[in-house]
Amino acid sequence: MDATALAAPSAAVSSAVTTRGAIVIDDVVKIYDPDGAAVMAVDHCSLNIEAGEICMIVGPSGCGKTTLLNAIAGFHEITSGQILLDGEVLCSAEKPKAEPSSDRIVVFQNGALFPWKTNLENVAFGPLMQGKLNKTDALEKARAMMADAGLAGVEHNYPGEVSSGMRRRVEIVRALMNEPKVLLLDEPYRALDSLTKSVMHEALLEIYYRNKVTIFFITHDLEEAIFLGHKVAIMTTRPCKPKKILHVDIPHPRDYSVLTSKRFRELMEETNDAVHEEALKAFAAGEKEG
Amino acid sequence: MARKSTHLQAYWRGAVSIIVLLVLWELGSLSKVWIKWDAFEWLRHLLTAFGFKPIYLPWIGAVPAPTEVLAVWARVLVDPGYWQSWYMSFFRVMMGFVAAMLIGIPFGLLLAVSRTSFGIGFPVFEVLRPIPPLAWVPASILFWPTQEMSIAFVTFLGAFFTIVINVVGGARSIDVRYFQAARSMGSSQSDIFWRIILPGTLPSIVVGSAVGMGITWEVVVAAEMISGGGSQIGGTSGGGLGFFIWNSYVGGSYEQIVVGMISIGIAGFISSELLRALGRRVTPWLRLR
Amino acid sequence: MSAATVDERADDEVVEILRQTMPLQVARDDLLRRIAAAGRRVHYEATQVLYEVDDIADDLYIIVSGEVRHTLGPGAHAKEPTKVLKAGDVFGWAALLEKTPRRLARAVCTKPTEIVRIGGETLLRVLATDADVGDVVMSRFATMISREFTVPDLADQLRRIHRKMHAKDIQGMNLTLYRMSLWLKSPRPYLMLIGFALFLGFWYLAVEVWKLPRFREMPGITAVIKEWVSREPTYGLSIYTDEYYKHIWVSVWRVTQAFVLATLLGVPIGLFLGWSKKFKEYVFPVFEVFRPIPILAWVPLAIVMFVATESAVIFLTFLASFFATALNTMLGVESIDESYVRAANCLGASRAQVFRHVILPGALPFIFTGLQISIGVSWFSLVAAEMVSGQYGLGYVINTSYTMVRYPTIVIGMITLGAVGYVTSALVRVVGDYLMQWRTRELALGGR
């Protein structure tokens, strides 16, 4: 059960000072409706994610990637296997559901900034709720973090008043306020146009370089995956299982010029076939969006 | 995972609550008996202090007990007049409701489809809508030759406004892309109407009619009560469960009042279920959501 | 201020310079080109004063080469007022501030300096053409102003890039006026008048001119209006009689009592029904047993239960209102997007905190829709209850007007009912809009 040989250390994790946020997904199985029509969403999936690493999960829609993310976050149960965070068991067959905690914070697909709070109040939410800071300190820290991320000036707007790209960034800052070990991103840029996306990517990397967290990023966009990640795990269609793991050896820090580099093109070629194959399978199976 | 047992659990909990309710009701109604016992002298004092007569618990004490109600109900079940009331009420509800649908749906669709009609018709509609249907009763009686027709008109009004509002809302919320897709595939205006607007509005029509049905029952019952007794809008036409209740009140049989109330509740429930079943047949695509 | 020499060089160089500045790093090439095209290069000698405090702030300045000493005046309350700026630095950003832009600092060249000047308004306009990136640029300006120039308060005053430029000042009154002006220009108000004219006209003609048989007994519109506004109304009720207002007040007061009670009880119960599965399993079946019974079927029982007719009337109205409120509140809680609750859990909120910070505000829009329905239902029940029992009140007026053959008063009663009902419903809506500022603002911007 000790999966040590699964992933060779990725070359590009720059001076990982953190030893926190290492995830081990160990032979996880997830079956829906155990007494009805059993649907296997995750099929003996094993994956190693190193501390401080950006791990991209690529696969066609509905293949079960979100289930994995939800299991790590503590929203869904697993049927068997286990998931470990820094050596501690998050969930296993005996304890099927992890506890949601600010160790692992999710950034949701359609955004989950509270529309009824201002951006600043949203960002300050975590520490305030956990009692780690009092109100003035929390708001002050939030303001500083927002300024750091280039978001000064929209503190007192409501999320509905700013652009969707900006909302995403605010949501990420909201997560980072709590110094999580892991950031779980569920296709956060899916609804954005590709031009905004590229700005968002650079913004994300910028934030990442300053706050070393482990990032677990689900996407169906292979380019996005290779551009951002240290490691790209290509998943099969339902049931979900890593089909191919790519180590992206393009050094960090990266900027958008990477997209046209030779190495990038090579990596795309290596993996494109695998992704396309799975996409065809999913299409044939008529998968509904996950 | 024991999924089945949670369902059972839910049923049990619901059943427990209803049983508790019935028990409390029984006790409350019987307060006119047990409050006379010596043990409850303090209660009698308390009631007098608050200005209530110390003869039973306030409010609930005046209501007949479930056991008494059941006894009377058993008797009433064999009385043909009771079933006649059922028939009359159902008949009125159906008449009013069907009329509201037949006129309301086309009217609503017209408002939704034609901007000019909407501009002309909707403001007048919105001004008339807040007037409660029952306020129309006297005007209705003045207008229509027979009592029955005046009740039907008021019933119709009650459901009409709700249905129209829901139809308009539903038609407007049809995604404009469906129209664009149809047009690009060469659909004519009437095609678009029959194949896009109508089916697209159906879910809202279904919702609107569910609410409209509830209102229809309210109005029918009220109209029956008013025409049968109470005020002087007299007349020989009576019948119906509303009249049944009113009559029971006037005649002093309080148990029958409760019988009537529960009967209407059941009748309303049946008609809602019928409507919902019909709605499901008409919009099969919604089931998959 | 005065240009020593004006040079026109290849735009490419300017674009490069712009790209190196902190705020414009994220802008794409075509955007930078457009900004560059709007700018001009100016050469200054050493010791030349670029501007003084309180000069009009028109342009943004970007240093190509050379050195500038930038001293913020006392009014700016900067933590470090003096800065020495070099190639690639940006200053003169007062041109981008919301309030009347005047210079906040004194800028002097300490060496011969090449500068690119861009008009503030022009820059904003160019940025507005690409709102998402424009947003990012402006926030980077804000960051620069607060961190490098140490005046965080001024960062708040930066102009915003709005998604719809013509709806610039979208607060409160301006929005209403703007909307009204749009409405008046559309065909809508005129169609509305046609509609009313048709309706009233038909009424008039049918009763008083053509004297249609069906309409024989109906009061004509002229009769109604005459009665309504006469000082000595034949049937005793007009806008000049005290009694009219008494009836209105009685009805309104009853509805208010019933509605407030129903809200105080219905909202909490509805919230718990939506929030706690256990509670719902216990309580909802009881709810569903009572709900199908029409409110008016309760009338005789209510009269039996509540000896005083006043309480009976209020009880009936309360009952109707309560069911509507509780049900809608419950549905509201159940409609809240699960993601919000999950996000709150991730961020460490306890169950009680989730309830207070997510469920309550999240359900508020639904609660208010429910309250609007509820008040409509209250009026419905009240009228019915008043018609059957009780004295005073608009329902009573309509009823007795019929029996006492005061037909015009019937119509007066009906119209008054409609108007009062509408006003109370609008009041609820306005309160809702006020409590949910975030929603009104979002909808004003055209929604998501």
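Residues numbered from 1 in each chain as written. Chains lettered and ligands numbered in written order. Predicted model: local features only at pLDDT ≥ 70, side-chain atom pairs only at ≥ 80, totals over all residues. Heavy atoms only, no water.

Peer 1: Looking at this structure, how should I read the overall build of chain A?
Peer 2: Across its full length, chain A holds 7 helices and 10 strands. The globule rule puts the C-alpha radius of gyration for 290 residues at 19 Å, and the 19 Å found for chain A is close to it. Projected onto its principal axes, the C-alpha coordinates of chain A cover approximately 50 × 50 × 40 Å. Burial status across chain A gives 58% buried among its 290 residues. Within chain A, contacts between residues separated by at least 24 positions form 71% of all contacts whose residues are at least 6 apart in sequence. (Helix = DSSP H or I, 4+ residues; strand = E, 2+ residues; numbered from the N terminus. Rg over C-alpha atoms; globule rule 2.2 N^0.38 Å. Buried < 20%, exposed > 50% of the residue type's maximum accessible area, 1.4 Å probe, protein only. Contact = heavy atoms within 4.5 Å.)

Peer 1: What am I meant to see in the overall build of chain B here?
Peer 2: Within chain B one finds 12 helices and 0 strands. In chain B, the order of α-helices and β-strands from amino to carboxyl end is α-α-α-α-α-α-α-α-α-α-α-α. Here the C-alpha atoms of chain B give a radius of gyration of 25 Å, more than 25% beyond the 19 Å that 2.2 N^0.38 yields for 289 residues. If one aligns the C-alpha atoms of chain B with their principal axes, the spans along those axes are about 85 × 65 × 40 Å. Counting the 289 residues in chain B, one finds 44% classified as buried. Here the analysis covers contacts within chain B between residues at least 6 apart in sequence; of these, 68% occur between residues at least 24 apart. Only carbon and sulfur atoms are counted for the fraction: they give 69% of the accessible area of chain B, which is about 15300 Å². (Areas by Shrake-Rupley, 256 points an atom, 1.4 Å probe, with all protein chains shown as cover.)

Peer 1: Please clarify how the interface of chain C and chain B should be interpreted in this entry.
Peer 2: A common way to report how large an interface is uses the accessible area buried once the components associate. At the junction of the two partners, chain C supplies 49 residues and chain B supplies 52 residues. Linking chain C with chain B are 1 salt bridge. When the shortest N-O distance is used, the salt bridge between Arg 13 of chain B and Glu 281 of chain C registers 2.6 Å. Between the two partners, chain C and chain B, sit 5 residue pairs in polar contact (both at pLDDT 80 or more). Among the elements of the structure, helix H7 (188-209), helix H10 (277-290), helix H11 (299-305), helix H14 (351-388), helix H15 (394-403) and helix H16 (407-435) of chain C are those that each provide at least two residues to the side of chain C that touches chain B. (Salt bridge = Lys/Arg side-chain N within 4 Å of Asp/Glu carboxyl O. Polar contact = N/O pair within 3.5 Å; in protein donor to acceptor, adjacent residues only side chain to side chain.)

Peer 1: Is there a simple way to think about the pairing of strand S1 (residues 23-32) of chain A in this case?
Peer 2: Consecutive side chains along a regular strand alternate between the two faces of the sheet. As defined by bridge partners, S1 of chain A adjoins strand S4 (residues 80-85) of chain A across 5 bridges and the pair is classed as antiparallel. Residue pairing for S4 of chain A: Val 29 of chain A is matched across the bridge by Ser 80 of chain A. (Pairing = 2+ DSSP bridges.)

Peer 1: Is there a simple way to think about the confidence of the model for chain B in this case?
Peer 2: It should be kept in mind that the predicted coordinates are not to be read in detail where pLDDT is low. Residues and elements named next belong to chain B. Chain-level statistics for chain B give a pLDDT mean of 81 and a share of 91% at 70 or above. For chain B, the element scoring lowest by mean pLDDT is helix H9 (residues 176-184), at 72; helix H4 (residues 66-77) scores highest, at 90. Here residues 229-237 is modelled with pLDDT under 50, and outside its nearest four sequence neighbours on either side it reaches 20 contacts, counting other chains as well. ipTM for the predicted complex: 0.84, alongside a pTM of 0.72. (pLDDT = per-residue confidence, 0-100.)

Peer 1: Explanation requested: helix H4 (residues 164-176) of chain A in the structure shown.
Peer 2: Helical geometry: 3.6 residues make up each α-helical turn, so side chains three or four residues apart lie on a common side. The terminal C-alpha atoms of H4 of chain A lie 19 Å apart, and with 13 residues this matches the ideal 18 Å at 1.5 Å per residue to within 8%. For H4 of chain A, the full list of buried residues reads Gly 165, Met 166, Arg 167, Arg 168, Arg 169, Val 170, Glu 171, Ile 172, Val 173, Arg 174, Ala 175 and Leu 176 of chain A. (Expected span 1.5 Å × (residues − 1).)

Peer 1: Looking at this structure, I do not really get the sheet that holds strand S3 (residues 49-51) of chain C. What am I missing?
Peer 2: Sheets are built from strands paired through backbone hydrogen bonds, the pairs being either parallel or antiparallel. All names here are of chain C. Taken in spatial order, the 4 strands make up an open sheet running S3-S8-S5-S6, and their pairing is antiparallel. The two strands at the open ends of the sheet, each matched to only one other strand, are S3 and strand S6 (82-85). Here the average twist between neighbouring strands, direction ignored, is 20°. The sheet contact formed by strand S5 (residues 68-72) and strand S8 (residues 105-109) spans 5 bridges and is antiparallel. (Axes fitted to C-alpha atoms, helices over the stretch in contact; angles between N-to-C directions.)

Peer 1: Can you help me understand the nonpolar core in this one?
Peer 2: Grouped together as the largest cluster of nonpolar side chains are 239 residues, with contacts concentrated most on Ile 25, Ile 83, Phe 216, Ile 226 and Val 232 of chain A together with Leu 134 of chain B. By residue number, the principal contributor to this core is H14 of chain C, which donates 16 residues. Dropping the residues within four chain positions of it, Val 232 of chain A is found in contact with Met 56, Val 58, Ala 225, Ile 226, Lys 244, Ile 245, Leu 246 and Val 248 of chain A. Formed by 55 residues, the second largest nonpolar core is a distinct cluster that contains Val 199 of chain A together with Leu 18, Val 68 and Val 116 of chain C. (Core = buried A, V, L, I, M, F, W, Y, C linked by side-chain atoms within 4.5 Å.)

Peer 1: What am I meant to see in the sheet that holds strand S6 (residues 104-107) of chain A here?
Peer 2: Residue and element names in this part refer to chain A. The strand order across the open sheet formed by 6 strands is S6-S7-S8-S3-S9-S10, and the pairing between neighbours is mixed. Each of the sheet's edge strands pairs with one partner strand only, and the pair in question is S6 and strand S10 (242-247). Along the sheet, successive strands turn relative to each other by an average axial angle of 15°, direction set aside.

Peer 1: Explanation requested: the side chain of His 357 of chain C in the structure shown.
Peer 2: On the secondary structure map, His 357 of chain C appears in helix H14. Its relative accessible area of 13% is what places His 357 of chain C among the buried residues. Of the polar contacts made by the side chain of His 357 of chain C, one reaches the side chain of Lys 117 of chain A; its length is 3.0 Å. Discounting chain neighbours no more than four positions away, the residues touching His 357 of chain C are Trp 116, Lys 117, Phe 125 and Met 129 of chain A.

Peer 1: Explain the packing of H7 of chain C against helix H8 (residues 221-229) of chain C to me, please; I cannot follow it from the model alone.
Peer 2: Relative placement of two packed helices is described by the angle separating their axes and the distance separating the axes. Residue and element names in this part refer to chain C. The contact between H7 and H8 brings their axes to 8 Å, and the two run at 105°. Classed by the angle they form, the pair H7 and H8 counts as roughly perpendicular. Judged by residue contacts, Leu 200, Trp 203, Tyr 204 and Glu 208 of H7 engage Ile 221, Thr 222, Ala 223 and Val 224 from H8. (Parallel < 35°, antiparallel > 145°, perpendicular 65-115°, else oblique.)

Peer 1: Just to check I follow, could you spell out the packing of aromatic side chains for this structure?
Peer 2: According to the stated counting rule, one finds 46 aromatic pairs over all chains in the structure shown. In this structure an aromatic cluster arises from ring pairing among Phe 107, Phe 118, Phe 122, Phe 125, Phe 143, Trp 144, Phe 153, Phe 156, Phe 160 and Phe 161 of chain B. Taking the ring centre of Tyr 392 of chain C as reference, the NZ or CZ of Lys 246 of chain C above it sits at 4.2 Å. (Phe/Tyr/Trp six-rings, centres within 6.5 Å; stacked < 30°, edge-to-face > 60°. Lys NZ or Arg CZ within 6 Å of the ring centre and 35° of its normal.)

Peer 1: Even after reading the chapter, I still don't get the environment of Tyr 208 of chain A, so can you show me in this structure?
Peer 2: All names here are of chain A. With respect to the helices, strands and loops of the structure, Tyr 208 is situated in helix H5 (residues 194-210). The spatial distance from the C-alpha of Tyr 208 to the C-alpha of Pro 253 is 9.8 Å, given a sequence separation of 45 residues. Beyond its immediate chain neighbours, meaning those up to four positions away, Tyr 208 contacts Gly 52, Glu 53, Ile 54, Val 213, Ile 215 and His 230. Engagement of the side chain of Tyr 208 in a polar contact is seen with the backbone oxygen of Gly 52, the distance being 2.3 Å.

Peer 1: Just to check I follow, could you spell out a nonpolar patch on the surface for this structure?
Peer 2: The grouping of Leu 8, Tyr 11, Trp 12, Val 16, Val 20 and Leu 24 of chain B together with Tyr 282 of chain C at the surface amounts to a nonpolar patch, some 790 Å² of accessible area in total. Along the chain, Val 20 of chain B falls in helix H1 (residues 3-29). (Patch = residues over 30% accessible without salt bridge, like charges linked within 9 Å, V, L, I, M, F, W, Y side chains within 5 Å.)

Peer 1: How should unusual backbone geometry be read in this particular structure?
Peer 2: Excluding glycine, a negative phi dihedral is what most residues carry, and trans is how most peptide bonds are arranged. Residue and element names in this part refer to chain A. For the bond from His 252 to Pro 253, the omega torsion is -5°, close enough to zero to count as cis. Position of Pro 253 relative to the elements: it lies in the loop between S10 and helix H7 (262-285). Positive phi is not limited to glycine here, since Glu 179 has a value of about 45°. Within the fold, Glu 179 resides in the loop between H4 and strand S7 (182-186). On the accessibility criterion, Glu 179 (55% relative accessible area) is exposed.

Peer 1: Before we go on, may I ask you to explain the environment of Leu 22 of chain B in this structure?
Peer 2: All names here are of chain B. Turning to its location among the elements, Leu 22 is positioned in helix H1. The partly exposed category is assigned to Leu 22, whose relative accessible area is 38%. As for Leu 22 and Thr 67, which are separated by 45 residues in sequence, their C-alpha atoms are 9.5 Å apart.

Peer 1: Looking at this model, I keep getting lost on the pattern of salt bridges. Mind explaining?
Peer 2: Using the criterion set out here, one finds 32 salt bridges over all chains in the structure. Among the ionic pairs, Asp 59 of chain C bridges to Arg 117 of chain C, the shortest N-O distance being 2.9 Å. Here Asp 59 of chain C, found in strand S4 (residues 59-65), pairs with Arg 117 of chain C, found in strand S9 (residues 113-119); they are 58 residues apart in sequence, far enough to count as distant. One exposure class covers both Asp 59 of chain C and Arg 117 of chain C, and it is buried. Between Glu 338 of chain C and Arg 342 of chain C there is a salt bridge, and its shortest N-O distance comes to 3.7 Å. Placement of the pair is Glu 338 of chain C and Arg 342 of chain C together in helix H13 (residues 338-346), with a separation of 4 residues, close to one helical turn. Via salt bridges that share partners, Lys 243, Glu 277, Glu 278 and Lys 281 of chain A belong to a single interconnected network.

Peer 1: Hey, could you run me through helix H8 (residues 147-172) of chain B in this one?
Peer 2: When the terminal C-alpha atoms of H8 of chain B are compared, their 38 Å separation across 26 residues agrees well with the 38 Å that a helix rising 1.5 Å per residue should span. Capping the start of H8 of chain B is the job of one residue whose side-chain oxygen sits 3.1 Å from the backbone nitrogen of Met 149 of chain B: Thr 146 of chain B.

Peer 1: Whenever I open this one, the packing of helix H3 (residues 120-128) of chain C against helix H4 (residues 131-147) of chain C confuses me. Can you help?
Peer 2: All names here are of chain C. H4 packs onto H3 with a crossing angle of 135° between their chain directions and a minimal axis gap of 7 Å. Classified by the angle between their axes, H3 and H4 sit oblique to one another. Between H3, through Leu 123, Leu 124, Leu 127 and Ala 128, and H4, the contact on the second element is made entirely by Ala 131, Gly 134, Val 137, Met 138 and Phe 141. When grouped by side-chain class, the residues that make up the contact of H3 with H4 number 8 nonpolar, 1 polar and no charged. (Nonpolar A, V, L, I, M, F, W, Y, C, P; charged D, E, K, R; others polar.)

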